[in-house]
Amino acid sequence: MLGVFSKRFAVFMTFFFIRDIISLNVNLHFKRNETFKDLLPSTAYVSYIETKNDLSVFECAGSCVYCAGFLYHSELRTCPLLETLLNETSFNSSHRDVGWELYESVNVCGLGWHLYKTHCYKYLDLKATWAEAKEHCYKTEAYLVQIESREENEWIKENLLPADPELCYDSTTYSCCDTWIGASDQVKEEVFQWTNKENVVFTNWKPYEPNDANGNEDCVSLCRDGQWNDNICNKTFNIICERYVFG
Ligand code: MAN
Ligand code: CA
C-alpha cells in the first residue's frame, strides 16, 4: 500500500529541491529524466558510487551529494547512486525494467557558477577594468562580488581563485592581486563601498593597504592569498560576479 502511494507520488513529481539546500550548502537539485523511464542501464556502461536501500526518493536525493544522479525504484525503495550522467548508449531501450526512474542532478546556479550559502559565484578569467568588470556582472544579472565575512573570503580563495603560482606565496607579491571585487572609494576617498552603495564592513587588506598609491587607487583587487589591495581602477584584472541564488 505504502509502495503504491510513494510510487504515485514519485510519478507526479517532475522535479524537486533537496530539503536543506541552503543549510547543507548542497549544490544540487534533481530532475527526473522521462526519456529513461522503465529502463536500467547496461552494467558495462555505468558505474555506481554505491546502492542505498530502503529509502524514499527524497532520502536518496539527500544521499546523492557528490553524485551525478541516481536510479530509483519506488516499490523496491532502492537507489543506485551514479558517478556520471547517463545517455542513450547507457541503455538498451528494448529491455524494459518497469518501475525504474532516472533522476539527474542539476546545478542550481547554472553552468560555471558555484553555490556558497545563498549566493552563486562565477570567476571569469578575463582582463577588464573595474568599470568593465562591474558592467559585465550587471549584464549577467549579477554584481561584482561583495565579500562580507572571513568565511566568505576564505571560501572564494579556496574555491574560485586559480591555484597560487609559487610566486604568490610571498605575501608582498602584488602581481598576484589580479581579480576585481566590488569595493571602491571612488565616491568618497577612504570610504569604501560595494557597488550597491553599501559600506564595506569586513575587510582583509594586505599589510599597509589601502595606501591609495600616488593618490590614484580607488578600486579593490583580491590577491591569490585572499588579501586585498587598492589599485588603479583602469588596470585590467579578472572578475568574480555574484548573485542571489533565487534572484
Ligand atoms: C605597490 C604598493 C601597492 C600598490 C601597487 C600598485 O606594490 O604600493 O599598494 O597598489 O604597488 O602596483
Ligand atoms: Ca594599494
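Computed from a predicted model, the values in this text were never measured in an experiment.

## Some points on the overall build of the chain
Scanning the chain for helices and strands turns up 4 helices and 14 strands. For the chain, the proportion of its 247 residues judged to be buried stands at 28%. Taking the intrachain contacts of the chain between residues at least 6 apart in sequence as the baseline, contacts between residues at least 24 apart amount to 68%.

## Remarks on the site of ligand 1
Tyr174, Glu209, Asn211, Ala213, Glu217, Asn229 and Asn231 make up every residue found near ligand 1. Looking at the shell around ligand 1 residue by residue, the classes come out as 2 nonpolar, 3 polar and 2 charged.

## A closer look at helix 3 (residues 130–139)
Three or more residues of helix 3 are buried, namely Trp130, Ala133, Lys134 and Cys137. Taken around the axis of helix 3, the buried residues stretch over an arc of 100°, which confines them to a single face. Residues of helix 3 that are exposed and point over 90 degrees away from its buried face: Glu135 and Lys139. Elements in contact with the buried residues of helix 3: strand 8 (119–128), strand 9 (143–144), strand 10 (179–188), strand 12 (219–222) and strand 14 (237–244). Positioned one or two residues after helix 3, Glu141 has a phi angle of 60°, which is positive.

## Observations regarding the environment of Tyr116
Structurally, Tyr116 is set in strand 7 (residues 114–116). Remark: the alpha-carbon pair of Tyr116 and Tyr244, spanning 128 residues in sequence, is separated by 9.9 Å. Among all residues touching Tyr116, those that are not within four sequence positions of it are Tyr121, Glu152 and Trp155.

## A word on the pairing of strand 4 (residues 69–73)
The buried count for strand 4 comes to 4 of 5 residues, which makes it a mostly enclosed element. Bridging between strand 4 and strand 5 (residues 78–82) involves 3 bridges; their strand directions are antiparallel. Bridging across to strand 5, Gly69 finds its partner in Leu82. Where strand 4 hands over to strand 5, the hairpin turn is made up of 4 residues, of which Arg77 adopts a positive phi near 50°. Bridging between strand 4 and strand 6 (residues 100–107) involves 5 bridges; their strand directions are antiparallel.

## Focus on the nonpolar core
If you look at the biggest cluster of nonpolar residues, it comprises 29 residues, and the most contacted ones within it are Leu144, Val145, Trp180, Ile181, Ile239, Ile240 and Cys241. For this core, the secondary structure elements donating two or more residues are strand 8, helix 3, strand 10, strand 12 and strand 14. Counting residues per element, this core draws most heavily on strand 14, at 4 residues. Apart from the residues lying within four places of it in its own chain, the contact partners of Ile240 are Tyr121, Lys122, Tyr123, Val145, Ile156, Leu160, Thr179 and Ile181. Counting residues in each nonpolar core, the second largest holds 15 residues, with Leu71, Tyr72, Cys79 and Leu102 among its members.

## What to know about unusual backbone geometry
Here the residue pair Glu209 and Pro210 is connected by a cis peptide bond, since its omega of 0° sits within 30 degrees of zero. For Lys197, which is not glycine, the phi dihedral falls at a positive 75°. The topology assignment puts Lys197 in the loop between strand 11 (191–193) and strand 12. The class for Lys197 is exposed, based on 7 C-beta atoms found within 10 Å.

## Quick word on the environment of Val200
Note that Val200 resides in the loop between strand 11 and strand 12. With 19 C-beta atoms counted inside 10 Å, the residue Val200 sits in the partly exposed group. Between the alpha carbons of Val200 and Gln146 there is a distance of 8.6 Å; along the sequence they are 54 residues apart. Setting aside its immediate chain neighbours within four residues, Val200 contacts Ala183, Phe192, Gln193 and Trp194.

Conventions and cut-offs
Residues numbered from 1 in each chain as written. Chains lettered and ligands numbered in written order. Predicted model: local features only at pLDDT ≥ 70, side-chain atom pairs only at ≥ 80, totals over all residues. Helix = DSSP H or I, 4+ residues; strand = E, 2+ residues; numbered from the N terminus. Buried ≥ 20, exposed ≤ 12 C-beta atoms within 10 Å, placed from the backbone. Contact = placed C-beta atoms within 7 Å. Near = placed C-beta within 6 Å. Nonpolar A, V, L, I, M, F, W, Y, C, P; charged D, E, K, R; others polar. Arc of directions from axis to C-beta. Pairing = 2+ DSSP bridges. Core = buried A, V, L, I, M, F, W, Y, C linked by C-beta atoms within 7 Å.

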